[in-house]
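Chain and residue survey
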Amino acid sequence: MKRILVLLLVISGFSCKTKEKVQTVKHQVDVNQIKETVEFLSSDKLLGRKTGSVGIETAAGYIENIFAQNNIKSYFKSYKDTFNVMGHVGYNIVGFIEGKDPNFKKEVVIIGAHYDHLGVIKPIDNDSIANGANDNASGTSTVLQLAQYFGKTRNNKRSLVISLFSAEEMGLMGSAHLANRMKATNTNLYSMVNFEMIGVPLKDRDYSAFLTGYDVSNMAYVLNGYVGKKILGKSDIAMKYELFKRSDNYPFYEVFKVPCQTISSCDLSNFDYYHHVDDEADKMDYKHMANFINQIIPALEGMINAPTKEIKLNNE
């Protein structure tokens, strides 16, 4: 009995000295739910979701309903973060999941994607609706899956801001508006993770998605570590097109000077319908999307619950 007691004490002492492990909740996203969201947002009825249009108003209401159904609070007085752009009214839809740890909840992680697209464009074969399934109903669907997951589990020590941006296609104006508004209230932003064009898989890569501005921070290294394999890599094509500066991560990076990057599985080399009327729901790979979301959940969960701010800019 004495030997057993000593052994237990040794084991207990060892476990206290080891690095704290982040507890994750096993979760499998619903492929049909992902498909349903992409199909709704990219349907002809929404007329391409141009900022200021009736179609994007419908999309905004759809997103608000998902937030409400999952008990996600509004970050401001309402879900709509309203701004004016080029004579139109734009809405970011912004939800909030407060962190459960009193020591960490003042630190904020933003998870975002843009839900607007081009609207009606020059017709091709009598089709003039730029449906925007990959760009960016796929990213919006990904973020809504993450919102539902954290809304249900509440497994977040740090606070989460879930934002779907408008007017990305007009020059990142929705995200710029929100970044400046949050900066004005002295938000303690730890990181911003943006999702863009997740609907099709990359070809001939040893990773599932790429991280824009790969060398800006150690984000890919840290997130890959939580998954236990390389799901995020560096795309030379994304570097060539400067995709780091072309999505909604960039205004937050400029304003806050903290790691703010975009995750994508389309670097314009593996999809023929960028800003095209044929960017439609039937061209998306929903199994790829589900597999990727299932992998990114524990990565984000690890970052959100880590005992230190382990993601840092590489020039720090």
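Conventions and cut-offs
- Residues numbered from 1 in each chain as written.
- Predicted model: local features only at pLDDT ≥ 70, side-chain atom pairs only at ≥ 80, totals over all residues.
- Heavy atoms only, no water.
- Core = buried A, V, L, I, M, F, W, Y, C linked by side-chain atoms within 4.5 Å.
- Buried < 20%, exposed > 50% of the residue type's maximum accessible area, 1.4 Å probe, protein only.
- Helix = DSSP H or I, 4+ residues; strand = E, 2+ residues; numbered from the N terminus.
- pLDDT = per-residue confidence, 0-100.
- Contact = heavy atoms within 4.5 Å.
- Pairing = 2+ DSSP bridges.
- Expected span 1.5 Å × (residues − 1).
- Salt bridge = Lys/Arg side-chain N within 4 Å of Asp/Glu carboxyl O.

Side note on the nonpolar core
Phe 67, Leu 164, Phe 195 and Ile 263 are the most contacted members of the largest nonpolar core, which totals 63 residues. When residues in this core are grouped by element, the largest group, 11 residues, is from helix α9 (residues 286-305). Residues Phe 96, Val 161, Met 182 and Phe 244 belong to the second largest nonpolar core, which totals 21 residues.

Considerations on the confidence of the model for the chain
With 91% of its residues at a pLDDT of at least 70, the chain reaches an overall mean of 93. Counting contacts from residues 1-21, a segment whose pLDDT is below 50, to residues more than four positions away or on other chains yields three contacts.

Some remarks on the pairing of strand β8 (residues 188-195)
A large share of β8 lies buried, amounting to seven of its eight residues. In the sheet, strand β4 (residues 107-114) pairs with β8 via six bridges, with the strands oriented parallel. Across the sheet, residue Val 109 finds its bridge partner in β8, namely Ser 191. Sheet topology places β8 next to strand β11 (residues 260-264); four bridges connect them, and they run parallel. Note on β11: the bridge partner recorded for Val 193 is Gln 261.

Re helix α3 (residues 54-69)
Here α3 is 16 residues long and its end C-alpha atoms lie 23 Å apart, about the 22 Å a rise of 1.5 Å per residue gives. Those residues of α3 not exposed but buried are Gly 55, Ile 56, Ala 59, Ala 60, Tyr 62, Ile 63, Glu 64, Ile 66 and Phe 67. Packing partners of the buried residues in α3 comprise α2 (31-41), β2 (80-85), β3 (88-97), α4 (133-153) and β7 (159-165). Of the residues one or two after α3, Asn 71 is the one with positive phi, at around 55°.

Notes on the pattern of salt bridges
On inspection of all chains with the given rule, the structure shows nine salt bridges. Notably, a salt bridge pairs Lys 105 with Glu 98, separated by 3.4 Å at the nearest N-O pair. Residue class for Lys 105 comes out partly exposed when judged on its relative accessible area of 32%. The partner of Arg 158 in a salt bridge is Glu 107, and the shortest N-O contact between them spans 2.6 Å. Of this pair, Arg 158 sits in the loop between α4 and β7 while Glu 107 sits in strand β4, placing them 51 residues apart in sequence. Of the residues examined, Arg 158 reaches a relative accessible area of 0% and is grouped as buried.

Some details on the side chain of Asn 224
Secondary-structure assignment places Asn 224 in helix α6 (residues 219-227). On the basis of relative accessibility, which here comes to 11%, the residue Asn 224 falls in the buried class. With near-sequence residues (within four places) excluded, Asn 224 lies in contact with Lys 229, Lys 230, Ile 231 and Leu 232.

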